[in-house]
Amino acid sequence: MIDANGVVKVLDFGIAKLLDPGRAATKSTNLKGKLHYFAPEIVRGEPHTVKSDLFAVGAIMYELMTQEKAIDGDSDFEILEKSRSGNIPHLVSKLGNELSSLACFVDRLLSPAPEDRFASAKEALEHLDRIVTPIACSAAELASIVSAPVSASNVMPIHTVMERKKRHVPNTNRRKS
């Protein structure tokens, strides 16, 4: 979400966990959260780990890049079955060679086997830093970037983006930090 001052805010990943050590945990058979972002091991009833969170990040990235959910179906049962089985379309096959490094990164986050995902968020971020050049941009620019599906035919070369950024007049209406 972008607030009134143009600042991007992350609102909700769809699941919360009580971390009060003084309170006894109760095992529940109810799934809480957005089914489209559940890692296969969660659907199978295995414990939630950081790798489950990395899977959810991969599902969000997939959706941002394609405007399609990585795991979707006509019913909750179908969505859960696709997640449990790891039946997720590979992003590499959807986006082509120009984005293969980023697509492979997302595919690794979405690996059905937790042991094939990154060991930690730090490891994932370090890997991402090696394959993506960060670009500072305004909230409006970010919105325009994510408003259309990414494909090899509409990706702007990084040097073009950087050149446009050099010519960009800073937004003086932004909130001061």
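Above this text is the structure in question.
The structure displayed is predicted, hence computed values, not measured ones.

Trainee: Just give me the short version of the packing of aromatic side chains, but keep the residues and values in it.
Mentor: A full pass over the atoms with the stated rule returns one aromatic pair. Judged by centre distance (5.3 Å) and plane angle (40°), the ring pair of Phe-105 and Phe-118 falls under tilted. Taken together, the residues span a long stretch of sequence, with Phe-105 in helix H5 (residues 100-109) and Phe-118 in the loop between H5 and helix H6 (121-131) at a distance of 13 residues. The residues Phe-105 and Phe-118 share a single accessibility class, namely buried.

Trainee: Outline the nonpolar core, supporting the account with residue identities and numerical values.
Mentor: Note on soluble globular proteins: their nonpolar side chains tend to be buried together. Core analysis: the largest hydrophobic core is formed by 26 residues, its most contacted members being Leu-91, Phe-105, Val-106, Leu-109 and Leu-110. At the level of elements, helix H2 (50-66), helix H4 (91-95) and H5 are the ones that each hand at least two residues to this core. The element that contributes the greatest number of residues to this core is H2, accounting for seven residues. Not counting residues within four places of it along the chain, the set of residues in contact with Leu-91 comprises Tyr-62, Met-65, Thr-66, Ala-103, Val-106 and Asp-107.

Trainee: So what's going on with H5? Which residues, and what values?
Mentor: By the burial criterion, the buried members of H5 are Ala-103, Phe-105, Val-106, Asp-107 and Leu-109. Contacts from the buried residues of H5 go to H2, H4 and H6.

Rules used throughout
- Residues numbered from 1 in each chain as written.
- Predicted model: local features only at pLDDT ≥ 70, side-chain atom pairs only at ≥ 80, totals over all residues.
- Heavy atoms only, no water.
- Phe/Tyr/Trp six-rings, centres within 6.5 Å; stacked < 30°, edge-to-face > 60°.
- Helix = DSSP H or I, 4+ residues; strand = E, 2+ residues; numbered from the N terminus.
- Buried < 20%, exposed > 50% of the residue type's maximum accessible area, 1.4 Å probe, protein only.
- Core = buried A, V, L, I, M, F, W, Y, C linked by side-chain atoms within 4.5 Å.
- Contact = heavy atoms within 4.5 Å.

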